[in-house]
Amino acid sequence: LRGIEASGREIGGELAPSDGTFDEDALQSTLIALGFQPRVHLRKGNRLTFRLGNCPYRDAVRENQPVVCTLHRGITRGLLDVLDPRAKLAGFVPHDPDKAGCLIELSGIHAVPDAK
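All values reported here derive from a predicted model rather than from experimental measurement.

Conventions and cut-offs
- Residues numbered from 1 in each chain as written.
- Predicted model: local features only at pLDDT ≥ 70, side-chain atom pairs only at ≥ 80, totals over all residues.
- Heavy atoms only, no water.
- Helix = DSSP H or I, 4+ residues; strand = E, 2+ residues; numbered from the N terminus.
- Patch = residues over 30% accessible without salt bridge, like charges linked within 9 Å, V, L, I, M, F, W, Y side chains within 5 Å.
- Areas by Shrake-Rupley, 256 points an atom, 1.4 Å probe, with all protein chains shown as cover.
- Salt bridge = Lys/Arg side-chain N within 4 Å of Asp/Glu carboxyl O.
- Buried < 20%, exposed > 50% of the residue type's maximum accessible area, 1.4 Å probe, protein only.
- Pairing = 2+ DSSP bridges.
- Axes fitted to C-alpha atoms, helices over the stretch in contact; angles between N-to-C directions.
- Contact = heavy atoms within 4.5 Å.
- Parallel < 35°, antiparallel > 145°, perpendicular 65-115°, else oblique.
- Left-handed = near helix turned anticlockwise from the far one by under 90°.
- Disulfide = S-S within 2.5 Å.

Trainee: In this structure, what is going on with unusual backbone geometry? I would like to understand it.
Mentor: Most of the time, phi is negative for any residue but glycine, and the peptide bond is trans. In this structure, Q37 takes a positive phi of about 50° despite not being glycine. Structurally, Q37 can be placed in the loop between α2 (24-33) and β1 (38-44). The residue A100 is not glycine, and still its phi comes out positive at about 60°. Assignment of secondary structure puts A100 in the loop between β3 (88-93) and β4 (103-107).

Trainee: What is the right way to read a nonpolar patch on the surface from this model?
Mentor: On the surface, a cluster of nonpolar side chains totalling about 210 Å² of accessible area is made up of I11, L15 and L71. Inspection of the secondary structure assignment puts L15 in helix α1 (residues 2-15). Exposure remark for L15: the relative accessible area of 40% places this residue in the partly exposed category.

Trainee: Quick question: what am I supposed to make of the sheet that holds β3 here?
Mentor: Sheets are built from strands paired through backbone hydrogen bonds, the pairs being either parallel or antiparallel. One open sheet accounts for four strands, arranged β1-β2-β4-β3; its pairing is antiparallel. Both edges of this open sheet fall to β1 and β3, since each of them pairs with a single strand only. For this sheet the average axis-to-axis angle between neighbouring strands, irrespective of direction, equals 20°. The pairing of β3 with β4 spans five bridges and is classified as antiparallel. Across the sheet, K88 pairs through a bridge with S107, a residue of β4. The strands that α2 touches are β1, β2 (47-52) and β4; relative to β1, the one it contacts most, it runs at about 150°. Taken strand by strand, helix α3 (residues 58-83) contacts β2, β3 and β4, and its axis lies near 155° from that of β3.

Trainee: I'm lost on the packing of α1 against α3 in this one. Help?
Mentor: Describing two packed helices takes the angle between their axes plus the distance from one axis to the other. Interhelical geometry of α1 versus α3 gives an angle of 40° and a closest axis separation of 6 Å. By the angle between their axes, α1 is oblique relative to α3. Classified by chirality, the crossing of α3 by α1 is right-handed. Taken together, the residues of α3 that come into contact with α1 (itself represented by I4, E5, G8, R9, I11, G12, G13 and L15) are V67, T70, L71, R73, G74, I75, R77, G78, L79, D81 and V82.

Trainee: Could you clarify how one ought to interpret the state of the cysteines in this entry?
Mentor: Among covalent bonds in proteins, the disulfide is the one between the sulfur atoms of two cysteines. A full pass over the atoms with the stated rule returns zero disulfides. Among the cysteines around C55, which has no disulfide bond, C102 carries the closest sulfur, lying 6.2 Å off. Left unpaired, C102 is separated from the closest cysteine sulfur, that of C69, by 5.8 Å.

Trainee: What should I look at first to understand the pattern of salt bridges in this one?
Mentor: If the charged atoms of two oppositely charged side chains come close together, the side chains can form a pair. Overall, the coordinates contain seven salt bridges when judged by the stated rule. In this structure, R43 engages E24 in a salt bridge whose closest nitrogen and oxygen atoms are separated by 2.6 Å. Of the two residues, R43 is situated in strand β1 and E24 in helix α2; the sequence distance between them amounts to 19 residues. Look at R43 and you get partly exposed, because its relative accessible area is 25%. Under the relative-accessibility criterion, E24 is labelled buried at 15%. Ionic contacts of the salt-bridge type, sharing partners, join the residues E5, R73 and R77 into one network.

Remember that the coordinates give geometry; whether it matters functionally is a separate question.
Listed below in structure tokens is the structure:
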């Protein structure tokens, strides 16, 4: 699975806009383009959590969830490598692909305002 995550990380790095600053919209737009329908679930301090409203790879996930979700985790890390190299993927919580709702938890984000 390490090789799969590394491949995903390369893909994510290639997909990311390359201006070098974290932009929540750029991350969200890329996840939208991939078909995940992300929504901000939590925004507080330097933490940001997205809940995914769709699993565009549900058929593949049913066949081999560890591989597909590991690839997606790698893509997410690759996006962060470009958008905010100081940021960390603090959590990646897969859910049933038919119900979606997977969580992507980021920490160390430097441009996220606190929610009011």
